[in-house]
Amino acid sequence: MGDWQSAAKRAAAYYAVDHFVQSGMRLGLGTGSTVAFVLERLAQRLQTGDLRDIAGIPTSEATAQRAQALGIPLLSFDDVQSLDLCIDGADEVDPSLNLVKGLGGALVREKIVASASRSMVVVVDESKIVPKLGTRAPLPVEVLTFGWQLHEAWLRSLGVEPVLRRTAQGEPFVSDNGNYIYDCHFPQGIDDPMRVEAAINNRPGVVENGLFLGYATQVVIGMESGDVVVKRVAEEA
Ligand SMILES: O=C(CO)[C@H](O)[C@H](O)COP(=O)(O)O
């Protein structure tokens, strides 16, 4: 990651916390390097007393540990069934603010938390903006370990190049949910995300895929120039 990208992620994260989070909110806390800056900013504003009585549901063990270390109060779905706002990163954002997520391996919990949130603010640097989903990042598909071997040929039959995600040691990567992930490369990008989402999620053994269609309400983009740009979903006519 270039220096400008790290600065852009921080700028987007700080902007999102400063403009969208209010005292008393119940938050969804996403996963990844941009969300790390979100947590940093939340902790700063809690310490100064500028924000009070906020608490969040983390979308990964990594986020839970980081939030705890920073003193951000955590909740679970035993405590609340809906959230005011979820803040999360993304691997791709298209012109309709549809997303690909999950390179950090937290897509299942991220989608559950986003679906329980009244709004979703996405924080990215400008390298994540794409004209078409599937052109920059592969689409992660989380599968149960039982029968994981069966999905590769099926995914290929959809015209996709699936690669089982592995650790640096060459072992299959295991998600927080105990599952494997196929990273699916679309040679021409994803032409019809809704059709792809339905086809993949209808397959026995597939837990979830990384397409987030219609979830984002705002996208905060940190630019290489240092500016921050906010995009909102188009208001319905
Ligand atoms: O979906 C995700 C994790 O599952 C992340 O939000 C996504 O990978 C972006 O990460 P980063 O902010 O590190 O670029």
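Chains are numbered independently. Their residues run from 1 in the order of the written sequence. Under the rules for a predicted model, residues below a pLDDT of 70 receive no local features and side-chain atom pairs below 80 are neither given nor counted, while totals for whole chains, interfaces and linings still include all residues.

(A) Spatial organisation of the site of the ligand. As a rule, any residue with its backbone-derived C-beta atom within 6 Å of a molecule or strand is reported as near that molecule or strand. Close to the ligand lie 17 residues, the nearest being Gly 32, Ser 33, Thr 34, Gly 89 and Gly 104. Of all the elements in the fold, those that place two or more residues in the shell around the ligand are helix H2 (33-47) and helix H4 (107-115). Starting at the N terminus, helices and strands are each numbered in turn, a helix being any DSSP run of H or I of at least four residues and a strand any DSSP run of E of at least two.

(B) Structural detail: the sheet that holds strand E13 (residues 228-232). Should DSSP find at least two bridges between two strands, the strands are regarded as paired. Strand order in the open sheet formed by 6 strands is E2-E1-E3-E6-E12-E13, with mixed pairing between adjacent strands. Two strands bound the open sheet, and with one partner strand each, they are strand E2 (55-58) and E13. Mean inter-strand twist for the sheet, computed between neighbouring axes without regard to direction, equals 20°. For strand E1 (residues 26-29) and strand E3 (residues 85-88), the ladder comprises 3 bridges, and the chain directions are parallel. Note on E3: the bridge partner recorded for Gly 28 is Cys 86. Each residue is represented by a C-beta atom placed from its backbone, and any two residues with such atoms within 7 Å are regarded as in contact. Fitted lines through C-alpha atoms give the axes, limited to the stretch in contact for helices. The angle between two N-to-C directions lies from 0 to 180 degrees. Strand contacts of helix H1 (residues 3-20): E3, strand E6 (120-125), strand E12 (218-222) and E13, with the helix running at about 160° to E6, the strand carrying the most contacts.

(C) A look at the sheet that holds strand E8 (residues 161-164). Taken together, 4 strands build an open sheet; the order of strands is E8-E9-E7-E10 and the sheet is antiparallel. Each having just a single partner strand, E8 and strand E10 (206-209) make up the two edges of the open sheet. Direction aside, the axes of adjacent strands within the sheet are offset by 25° on average. Sheet topology places strand E7 (residues 139-143) next to E10; 3 bridges connect them, and they run antiparallel. Each bridged residue has a counterpart across the sheet, and for Glu 142 the counterpart in E10 is Glu 208. On top of the sheet, H4 reaches E7 and E10; it is set at about 65° to E10, its chief contact.

(D) Just the nonpolar core, in detail. By definition, a nonpolar core groups buried Ala, Val, Leu, Ile, Met, Phe, Trp, Tyr and Cys residues that are joined through C-beta atoms within 7 Å. Any residue whose C-beta has 12 or fewer other C-beta atoms within 10 Å is treated as exposed, any with 20 or more as buried, and any in between as partly exposed, C-beta atoms being built from the backbone. Ranked by internal contacts, the top residues of the largest apolar core, which has 56 residues, are Ala 12, Ala 16, Val 38, Ile 87, Val 122 and Val 123. The leading source of residues in this core is H1, at 7 residues. Counting residues domain by domain, this core receives three or more from each of domain 1 (3-128 + 213-224) and domain 2 (139-205). Excluding anything up to four places from it in sequence, Val 38 contacts Ala 13, Ala 16, Val 17, Ile 87 and Val 123. Each domain's extent is set by a domain assignment, obtained either automatically or from a database.

(E) Geometry of the packing of H1 against H2. Where H1 meets H2, the closest approach of the two axes is 8 Å, and the angle between their N-to-C directions is 45°. For the element pair H1 / H2, the angle class is oblique. Where H1 crosses over H2, the two elements pack in a sense that is right-handed. Between H1 and H2, the residues in contact are Lys 9, Arg 10, Ala 12, Ala 13, Tyr 14, Ala 16 and Val 17 and Ser 33, Thr 34, Phe 37, Val 38, Arg 41, Leu 42 and Arg 45, respectively. In this scheme, roughly parallel covers angles under 35 degrees and roughly antiparallel covers those over 145, while 65 to 115 is roughly perpendicular and the rest are oblique. The crossing is said to be left-handed when, going from far helix to near helix, the turn is anticlockwise and less than a right angle, and right-handed when the turn is clockwise.

(F) Representation of H4 in the model. In terms of burial, H4 is a largely internal element, 7 of the 9 residues being buried. Among the residues making up H4, those that are buried are Leu 107, Val 108, Arg 109, Glu 110, Lys 111, Val 113 and Ala 114.

(G) Quick peek at the environment of Gly 159. Following the sequence through the fold, Gly 159 ends up in the loop between helix H5 (151-157) and E8. A C-alpha to C-alpha distance of 9.0 Å links Gly 159 and His 185, two positions 26 residues apart in sequence.

(H) Just the pairing of strand E9 (residues 180-185), in detail. Buried residues dominate E9, accounting for 5 of its 6 residues. Pairing geometry for E7 and E9, over 5 bridges, is antiparallel. The partner of Val 141 across the bridge, within E9, is Tyr 182. As judged from the 4 bridges shared by E8 and E9, these two strands associate in the antiparallel manner. Among the inter-strand pairings, Val 163 is bridged to a residue of E9, identified as Asp 183.

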